[in-house]
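Fold and contact review
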Amino acid sequence: MPLINLIQEQRLAKAKREQQVRHLFIGVTAIGAVSVVTALFFTFEAVQFNAEASRLERKKEELQPKIDELDLTNRAIADLDPQIESLETAQKSTGTWWTILDHYRTSTPDDIWVREIRGTRPNSNGAVQVSTSGQSTTQESVGAFMLYLEACEHLDTATLKFTQEQSNQFGSSTGFEVTCNIAGTAPEKKKTLEEKI
């Protein structure tokens, strides 16, 4: 009967298992090392983020009085917005009237005497009108005066209400009344569906 050496096979199998165990051990150790390094990295990052969050929280607490003051200031500004808007509107209107009156001063013919300048809004849907009444030596001067009024950037559509011959101790003169619309004072009309399209 032939002799079979089983010890050699057992040794080889054992060596193979030991090598597999070593590889497995090295793999598990490598995975463990990577896990430990990853855990340490994320722990370090978490500590840094917590430190940064704490620093920012302290900074916020230091700035809280200024933040509260800023909120109060913003609320006060919001409360003043309607008044600021009214003042800006009044300033714009004052500038418009200043320009109109300056135009009267520089463009009224020498033979026109203005008695009254009055601003009115005849109805809520119309523009503000400037009504000017006075005396002139001739009808032509009244016509020239109307042309001068329409040359003002803030006035348009000068309309002659009336002229009337008058006599006084100095001779005869022509009384007149002229109205003009102030440009941009008419409320905006709502667009109809056809205009929107």
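Structure shown above.
Our subject in this report is the structure included herewith. (Residues numbered from 1 in each chain as written. Predicted model: local features only at pLDDT ≥ 70, side-chain atom pairs only at ≥ 80, totals over all residues. Heavy atoms only, no water.)

For the rest of this paragraph, the subject is the sheet that holds strand β2 (residues 129-136). Across the sheet, 4 strands lie side by side as β1-β2-β4-β3; this open sheet has antiparallel pairing. The open sheet has two edge strands with one neighbour each: β1 (112-120) and β3 (155-168). With strand direction ignored, the average angle separating the axes of adjacent strands in the sheet is 15°. On the sheet, helix α2 (residues 139-150) packs against β1, β2, β3 and β4 (171-182) and is oriented at approximately 160° with respect to β3. (Pairing = 2+ DSSP bridges. Helix = DSSP H or I, 4+ residues; strand = E, 2+ residues; numbered from the N terminus. Axes fitted to C-alpha atoms, helices over the stretch in contact; angles between N-to-C directions. Contact = heavy atoms within 4.5 Å.)

What follows concerns α2. Over its 12 residues, α2 extends 17 Å from the first C-alpha to the last, a length consistent with the 16 Å expected when each residue adds 1.5 Å. Restricting attention to buried positions, one finds in α2 the residues Ser141, Val142, Phe145, Met146 and Leu149. All buried residues of α2 project into a common sector of 145° when viewed along the axis, lining one side. In α2, the exposed residues that point more than 90 degrees away from the buried face are Glu140 and Leu147. (Expected span 1.5 Å × (residues − 1). Buried < 20%, exposed > 50% of the residue type's maximum accessible area, 1.4 Å probe, protein only. Arc of directions from axis to C-beta.)

Moving on: the pairing of β2. Of all 8 residues that make up β2, 7 are buried, and the element is covered over most of its length. Bridge count for β1 against β2 is 8 bridges, and the pairing is antiparallel. For isoleucine 112, the partnering residue across the bridge sits in β2 and is serine 136.

Moving on, we get to the environment of threonine 99. Mapped onto the fold, threonine 99 is located in helix α1 (residues 6-107). With relative accessibility at 26%, the residue threonine 99 sits in the partly exposed group. Taking the C-alpha atoms as reference points, threonine 99 and histidine 23, separated by 76 residues in sequence, lie 97 Å from one another. Ignoring any residue separated from it by four or fewer positions in sequence, one finds threonine 99 in contact with Glu153 and His154.

A complete count under the given rule lists 3 aromatic pairs for this structure. Arranged with centres 5.8 Å apart and planes meeting at 65°, the rings of phenylalanine 145 and phenylalanine 176 form a pair that is edge-to-face. With phenylalanine 145 in helix α2 and phenylalanine 176 in strand β4, the pair connects residues that are 31 residues apart, well separated along the chain. Taking relative accessible area as the criterion, phenylalanine 145 reaches 1% and is therefore assigned buried. On the basis of relative accessible area, phenylalanine 176 is assigned to the buried category, the value being 1%. An aromatic cluster is defined as three or more aromatic residues linked by ring pairs; in this entry it consists of Tyr104, Phe145 and Phe176. (Phe/Tyr/Trp six-rings, centres within 6.5 Å; stacked < 30°, edge-to-face > 60°.)

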